[in-house]
Every structure is written in C-alpha cells, then in structure tokens.
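Listed below are the residues making up each chain.
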Amino acid sequence: MRVLLVGALALETLPVCRRLGLPPRRRLSRGPWRGLELGVLRCGVGPDRARRRSEEALRGFDADLVVSLGTCGSLVGHEVGSVLRLGSVRDGEGPPQSVGEGVAGVTVRRGVFDPVERDRLAGQGSEVVEMEAYAVWQAAAGRPFAALKVVSDRASSPPKLLAFALGAWRICSHALAPAIEDLVIFETERLRGASKSR
C-alpha cells in the first residue's frame, strides 16, 4: 500500500521524514515503512503549487491514500499546538467537501491576519484556515484522503518570520509528526479492513 503525505514547507515535512525514518529529499522523499511505501512531498506554499505538484507526484507514485499535512491558523479559538483533523475542506468560494470527521477548514491563497477577514471566514462555518488542503484533495482525484493540521497561530496579526518558523518547527516536530504517524497507521489499517470485507 502506498501513502503520499503532502506538506508545503520543509519545516512541516522534515519532522515527518525524521519521525518515519525516511531520507529527506528536496521535493519527494520515498521509502518503506511498516510494510507500506511512503512518499513525503514538499509542494511549496499555496493552492496552485499544492495541486500541480501533488498531481505530478501522483503520476509517478500512485498512492492508495493521500494526506495533506501542515500548519493552520485558528479562526475560532483552537489553541496553538492543537493537532486537528479536517472534516471538510473548501476553497473559500465553493461549498465544503466532506473528508471525514473533524473540523471545517478553508484553503486560502494568502495568509489571513486581518480580524475582519478572520471573522468573515469563521462566519461561513470554517474553524481553521490554511493554504493547501483543498488543492491536495482535488489532486487526489477520488483517492482516499485525509488532512491533519497543527495550529500555529490565531489568524490575527502577521507573525514575525523567525519566531513563526521556530515555533512551527517545534510544534510540527513534537505534535504534528507523531499524529501523522498515528493517522497513517489508523487509515491504512482501515483501508485494508475495507478491502478484505469486499
């Protein structure tokens, strides 16, 4: 079984590679893990790159499960460091697409740091804001999909870059990477069980 894990930045993907024992590569890290073949793709920031690079990766690495991972901003009070599974994804314009149980996420093209924009998105039912999940879901093209995000900020003011990077590295290493490991185990066992019952 093949699993493709997609994150935007090295500070999101490298802790996952380290946790799963995969050799880090510039764009796509691959290797065996617990009887699975894993790929960890660093797609770059934003929905356009996420969709294009995920589609490219899936042409050469036909995954049975696609996972969007990374950081997000909380729109409604989730604490920094909380790991959240998205139950729906949307692109800010269309209706939400259900992807399982969890919180409602919205994919945007730019970071949200304006309280008015934050409140507008929250008023539409979104709980977290991020920049890739909907695009990765589109690229998955009907494959089983999950999205797991860790809250890095409260979508209220532009972060200081160095402080953000250090904080994001820490929460991706200590909170997100272990949660990704658990999610991969859970979802692949669930998919194997579903295929046996057919």
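See the structure above.
The model shown is predicted, which means the values in this text are computed figures rather than measured ones. (Residues numbered from 1 in each chain as written. Predicted model: local features only at pLDDT ≥ 70, side-chain atom pairs only at ≥ 80, totals over all residues. Heavy atoms only, no water.)

## Quick look at the overall build of the chain
Then, in step 1: In terms of helices and strands, the chain carries five helices and nine strands.
Then, in step 2: From first element to last, N terminus to C terminus, the chain shows the α and β order β-α-β-β-α-β-β-β-β-α-β-α-β-α.
Then, in step 3: In terms of overall size, the chain behaves like a compact globule, its C-alpha atoms giving a radius of gyration of 16 Å where 198 residues would be expected to give roughly 16 Å.
Then, in step 4: Here the C-alpha coordinates of the chain stretch approximately 50 × 35 × 25 Å along the principal axes.
Then, in step 5: Within the chain, the fraction of its 198 residues that count as buried is 50%.
Then, in step 6: Counting contacts in the chain only where the partners sit at least 6 residues apart, residues at least 24 apart contribute 71% of the total.
Then, in step 7: As displayed, the chain offers around 9,400 Å² of accessible surface, 51% of which is attributable to carbon and sulfur atoms.
Then, in step 8: Within the chain, the 22 negative side-chain charges are centred at a point lying 6 Å from the centre of the 29 positive side-chain charges. (Helix = DSSP H or I, 4+ residues; strand = E, 2+ residues; numbered from the N terminus. Rg over C-alpha atoms; globule rule 2.2 N^0.38 Å. Buried < 20%, exposed > 50% of the residue type's maximum accessible area, 1.4 Å probe, protein only. Contact = heavy atoms within 4.5 Å. Areas by Shrake-Rupley, 256 points an atom, 1.4 Å probe, with all protein chains shown as cover. Lys, Arg positive; Asp, Glu negative; His and termini not counted. Charge placed at Lys NZ, Arg CZ, Asp CG, Glu CD.)

## Section: the packing of aromatic side chains
Then, in step 1: In this structure the tally under the stated criterion is one aromatic pair.
Then, in step 2: Between the aromatic rings of Y134 and W137, the centroid separation amounts to 5.4 Å while the plane-to-plane angle is 40°, which identifies the pairing as tilted. Of this pair, Y134 and W137 both sit in helix 4 (residues 133-140), three residues apart, roughly one helical turn.
Then, in step 3: Judged by relative accessible area, which is 14%, Y134 ranks as buried.
Then, in step 4: On the basis of relative accessible area, W137 is assigned to the partly exposed category, the value being 25%. (Phe/Tyr/Trp six-rings, centres within 6.5 Å; stacked < 30°, edge-to-face > 60°.)

## What about the pattern of salt bridges?
Then, in step 1: In the structure shown here, the tally under the stated rule is 12 salt bridges.
Then, in step 2: Of the charged contacts in the structure, one is a salt bridge between R109 and D48, with a shortest N-O distance of 2.9 Å. In this pair, R109 sits in the loop between strand 7 (103-107) and helix 3 (115-123) while D48 sits in helix 2 (residues 47-60), placing the two residues 61 residues apart along the sequence.
Then, in step 3: Residue class for R109 comes out exposed when judged on its relative accessible area of 55%.
Then, in step 4: Residue classification places D48 among the partly exposed residues on the basis of a relative accessible area of 47%.
Then, in step 5: Linking E187 and R190 is a salt bridge whose minimum nitrogen-to-oxygen distance equals 2.7 Å. Of this pair, E187 and R190 both sit in helix 5 (residues 161-196), three residues apart, which is roughly one turn of that helix.
Then, in step 6: Assessed through its relative accessible area of 3%, E187 is described here as buried.
Then, in step 7: On the basis of relative accessible area, R190 is assigned to the partly exposed category, the value being 42%. (Salt bridge = Lys/Arg side-chain N within 4 Å of Asp/Glu carboxyl O.)

## Let's talk about the nonpolar core
Then, in step 1: Among the nonpolar cores identified, the biggest contains 27 residues, and V3, L5, V16, L38, V67, I180 and V184 are the most heavily contacted of them.
Then, in step 2: Counting only elements with at least two residues in this core, the list comes to strand 1 (2-7), helix 1 (10-20), strand 3 (36-42), strand 4 (65-74), strand 9 (145-153) and helix 5.
Then, in step 3: Ranked by residues supplied to this core, first place goes to helix 5 with 10 residues.
Then, in step 4: Dropping the residues within four chain positions of it, V67 is found in contact with V3, L4, L5, V6, A146, I180 and L183.
Then, in step 5: Core analysis: the second largest hydrophobic core is formed by 26 residues, L41, L84, V89 and A147 among them. (Core = buried A, V, L, I, M, F, W, Y, C linked by side-chain atoms within 4.5 Å.)

## A look at helix 4
Quick reminder: α-helices carry 3.6 residues per turn. Residues three or four places apart thus point the same way.
Then, in step 1: Where burial is concerned, most of helix 4 is hidden: six out of the eight residues are buried.
Then, in step 2: Those residues of helix 4 that fall on the buried side of the exposure criterion are A133, Y134, A135, V136, A139 and A140.
Then, in step 3: The positive-phi residue at the C-terminal boundary of helix 4 is A141, with phi of around 50°.

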